[in-house]
Amino acid sequence: MTTSPLRGRILDDLKAAMRARDALRVSTLRMVSAKLKDADIAARPRGIEAIAEPDIVALLRGMVKSRRESEAQYRAGNRPDLADQEAGEIAIIEGYLPQTLAGAALDDAIAAAIAATGASGPKEMGSVIAALKAAHGPALDMAAASAAVKAKLAGG
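Source: prediction; values computed, not measured.

Engineer: Would you take a moment to explain the nonpolar core for this structure?
Structural biologist: Counting residues in each nonpolar core, the largest one holds 22 residues, and the members touching the most others are Leu6, Ile10, Val32, Leu36, Leu60 and Tyr96. Looking at this core, the elements with two or more residues in it are helix H1 (5–20), helix H2 (23–43), helix H3 (53–76) and helix H4 (80–94). Grouped together as the second largest cluster of nonpolar side chains are 16 residues, Leu106, Ala109, Leu132 and Leu153 included.

Engineer: How should I be thinking about H3 in this particular structure?
Structural biologist: Between its first and last C-alpha atoms H3 spans 35 Å; for 24 residues at 1.5 Å apiece the expected length is 34 Å, and the two agree. Of the residues one or two after H3, Asn78 is the one with positive phi, at around 55°.

Engineer: Teacher, can you tell me more about the side chain of Asp40 here?
Structural biologist: With respect to the helices and strands, the residue Asp40 is situated in helix H2. Only 2.9 Å separates the side chain of Asp40 from the backbone nitrogen of Ile51, close enough to count as a polar contact. Not counting residues within four places of it along the chain, the set of residues in contact with Asp40 comprises Arg7, Ile48, Glu49, Ala50 and Ile51.

Engineer: What's the story with the packing of H2 against H3 in this structure? I'm lost.
Structural biologist: To describe two helices that pack against each other, one gives the angle between their axes and the distance between the axes. Their axes nearest at 11 Å, the elements H2 and H3 cross at an angle of 130°. Looking at the two axes, H2 sits oblique to H3. Pair H2 / H3 crosses with right-handed handedness. Between H2, through Met31, Val32, Lys35, Leu36 and Ala39, and H3, the contact on the second element is made entirely by Ile56, Leu59, Leu60, Met63 and Arg67. When grouped by side-chain class, the residues that make up the contact of H2 with H3 number 8 nonpolar, no polar and 2 charged.

Engineer: Looking at this model, I keep getting lost on unusual backbone geometry. Mind explaining?
Structural biologist: Across residues other than glycine, the phi torsion is negative in most instances, and most of the peptide bonds are trans. The phi dihedral of Arg21 is positive, around 55°, even though this residue is not glycine. We note that Asn78 has phi near 55°; this positive angle belongs to a residue other than glycine. Relative to the helices and strands, Asn78 is located in the loop between H3 and H4. What makes Asn78 exposed here is its relative accessible area of 62%.

Engineer: What exactly am I supposed to notice about the pattern of salt bridges here?
Structural biologist: Side chains carrying opposite charge are able to pair once their charged atoms draw close together. Enumeration according to the criterion identifies 6 salt bridges in this entry. Ionic pairing is found between Glu71 and Arg75, a salt bridge with its closest N-O pair at 3.1 Å. Within this pair, Glu71 and its partner Arg75 are both found in helix H3, separated by 4 residues, close to a single helical turn. In this structure Arg75 comes out as partly exposed when scored by relative accessible area, which is 43%. Residue Asp84 pairs with Arg75 through a salt bridge whose shortest N-O separation is 3.1 Å. Where salt bridges share partners, they join Glu71, Arg75 and Asp84 into one cluster.

Conventions and cut-offs
Residues numbered from 1 in each chain as written. Predicted model: local features only at pLDDT ≥ 70, side-chain atom pairs only at ≥ 80, totals over all residues. Heavy atoms only, no water. Core = buried A, V, L, I, M, F, W, Y, C linked by side-chain atoms within 4.5 Å. Buried < 20%, exposed > 50% of the residue type's maximum accessible area, 1.4 Å probe, protein only. Helix = DSSP H or I, 4+ residues; strand = E, 2+ residues; numbered from the N terminus. Expected span 1.5 Å × (residues − 1). Polar contact = N/O pair within 3.5 Å; in protein donor to acceptor, adjacent residues only side chain to side chain. Contact = heavy atoms within 4.5 Å. Axes fitted to C-alpha atoms, helices over the stretch in contact; angles between N-to-C directions. Parallel < 35°, antiparallel > 145°, perpendicular 65-115°, else oblique. Left-handed = near helix turned anticlockwise from the far one by under 90°. Nonpolar A, V, L, I, M, F, W, Y, C, P; charged D, E, K, R; others polar. Salt bridge = Lys/Arg side-chain N within 4 Å of Asp/Glu carboxyl O.

Shown next as structure tokens:
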């Protein structure tokens, strides 16, 4: 079994955080490691020993999304201590995510995908998203990309 570079970096950083006695970083990276292990176990029936790098990135993005939702709920519930902890975990996890396309770069990528697929309306959104995923994979924030594609294809 070969270890992905991202998985290796997470484990190395966990060891370093343990040596440095950085409690928040240790707990966050342990949580990430546990999620990775759970995902690996869930993938075994399909004959996959360890999930691939794009799946790890997707898992990390999901963790960030759920923490953002929790942070918002804690802030709404006047629990700044818990909200700050969630924000700290978000910052640590985001450190392992690839730089995402945004702004003009995302618009250019969408325009190229629309041109490549010949899409002309919202019904062809799936083919544009597929082309974007194929070309830019982990660099896409799918929520932002989907919203932008939908707006472009709707004439916005």
